[in-house]
Amino acid sequence: SFSSLRDIEQCPLKWQLLRSQYGDLSGFPARPNPAAVEGEIVHEVVERLFKAMGLAGFPAPGTERFRATAAAFGVLGAVRALVDAHEQAVAAHPRGGGFRLRSSAAELANRAKRLFRAEYTSDSAPLPRSETPTVGPTAPDPAALLESRGVLSAVWLRHPRIPYVGVVDLVHGTRTAPVIVEFKTGAPNVLHRQQLIAYALLWWRRTGQLPVSAQLRYPARSEAIAPCEGDLASLEGELEARITSLQDVLSRSPGEAR
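It should be emphasised that the depicted structure is a prediction, and the values quoted were computed from it without experimental measurement.

Draft legend 1. Representation of the confidence of the model for the protein chain within the structure. Here the protein chain averages 87 in pLDDT, while 94% of its residues score no lower than 70. Of all the helices and strands in the protein chain, strand S1 (residues 134-135) carries the lowest mean pLDDT, 80, while helix H8 (residues 190-207) carries the highest, 94.

As C-alpha cells, this is what we get:
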C-alpha cells in the first residue's frame, strides 16, 4: 500500500522490527503513551465521522440529514469502542502496566466533536449518497458494480501485475465515467495527492477504464485531478521500481537503519 512503501523507505530496519515476532507478539511491544493514544482516538473518530458525512452526500450542518447521519454514527459510542479496544490491547501488553488514559470517553468525544465542528463545512459539490456495501478483495468486477449501483464505498483494489493494493473511499459515476474520491482530515498534503493518483492507477488497471476525475475531499475544501494515461503509466513504472528495490532491501536481515 501507499503508506507501507513510505514506511519501509523511511527506515527498513524500523519496519522490520515493528513487524517481527517477539515471543507470542506479532510486533515490537512499544510502551503505550496516554497522550498519543488519546490523540489517535480523537483523530480516528473525526476521520470516520467525516467519511460518514461524505457517504451521506456532505449534508449542511443543522439539516435533518446531518443530524441523522451524526446520530447514526454515534461519536460517544465510537470513542468507547476505540477505548475498549486499546484497553484490551494494553491488558495483554508486556509493557502496559500502570497505563491509564487521562481523559474519559465523554471528554474524548467532546474533543472530537469540537474538532469536527471547527473543520467541517458542507461541500459546494455534494456527492451522491452511498448506501451500498463495501467492495472487498473477492468482489467481482468493480466497474460492473459501479454501472449497476452508481456509487461504491471502500473499494478494495489490487494491481494485476505488481504487489500493490489500496482501498478507495468512494467511487461514483458510470463504468465509462468513474470518479474516485478520497476523504482526508487535517491540512492538504502532497502525499494525499500522490496516494490519490496511485488509486486512479489501480482503478485503471483493475477495470481498464481511466477515471474522469480523482478528488480529495477535506472538511472545508476539495481538490480535483484529471488523470491521464501518460502520468499513470509513469507512476506505474516508478512504483514497480520502488517495490523491486524494497523487496531486495527487506531480503536482508537486519535491514538498513536510516
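We are not done yet, so read on.
Draft legend 2. Inspection of the packing of aromatic side chains at higher detail. What the rule picks out here adds up to six aromatic pairs. Between Phe 50 and Phe 183 the ring centres are 5.8 Å apart and the planes differ by 75°, which places this aromatic pair in the edge-to-face class. Here the residue Phe 50 occupies a position in helix H3 (residues 34-55), and Phe 183 occupies one in strand S4 (residues 177-183), the gap between them amounting to 133 residues. You'll find Phe 50 and Phe 183 in the same group, each marked buried. When the ring of Phe 58 is compared with that of Phe 183, the centres are 5.8 Å apart and the planes differ by 85°; the resulting orientation is edge-to-face. Placement of the pair is Phe 58 in the loop between H3 and helix H4 (64-73) and Phe 183 in strand S4, with a sequence separation of 125 residues. Overall, Phe 183 belongs to the buried group, its relative accessible area being 2%. Chaining the aromatic ring pairs together yields one cluster made of Phe 50, Phe 58, Phe 66, Phe 116, Tyr 120 and Phe 183.

Draft legend 3. Geometry of unusual backbone geometry. Residue Pro 254 follows Ser 253 across a cis peptide bond; omega there is 0°. Here Pro 254 shows up in the segment after helix H9 (229-250). The phi dihedral of Ala 154 is positive, around 45°, even though this residue is not glycine. Position of Ala 154 among the secondary structure elements: in strand S2 (residues 151-158).

Draft legend 4. Representation of the packing of H8 against H9 in the model. Closest axis-to-axis distance for the H8/H9 pair is 10 Å, and the angle between their directions is 100°. Relative to H9, the element H8 is oriented roughly perpendicular. Along the contact surface, H8 presents Ile 197, Ala 198, Ala 200, Leu 201, Trp 204 and Arg 205, while H9 presents Glu 229, Leu 232, Ala 233, Leu 235, Glu 236 and Leu 239. Looking at side-chain class alone, the contact of H8 with H9 contains nine nonpolar, no polar and three charged residues.

Thresholds, definitions, all that
- Residues numbered from 1 in each chain as written.
- Predicted model: local features only at pLDDT ≥ 70, side-chain atom pairs only at ≥ 80, totals over all residues.
- Heavy atoms only, no water.
- pLDDT = per-residue confidence, 0-100.
- Helix = DSSP H or I, 4+ residues; strand = E, 2+ residues; numbered from the N terminus.
- Phe/Tyr/Trp six-rings, centres within 6.5 Å; stacked < 30°, edge-to-face > 60°.
- Buried < 20%, exposed > 50% of the residue type's maximum accessible area, 1.4 Å probe, protein only.
- Axes fitted to C-alpha atoms, helices over the stretch in contact; angles between N-to-C directions.
- Parallel < 35°, antiparallel > 145°, perpendicular 65-115°, else oblique.
- Contact = heavy atoms within 4.5 Å.
- Nonpolar A, V, L, I, M, F, W, Y, C, P; charged D, E, K, R; others polar.

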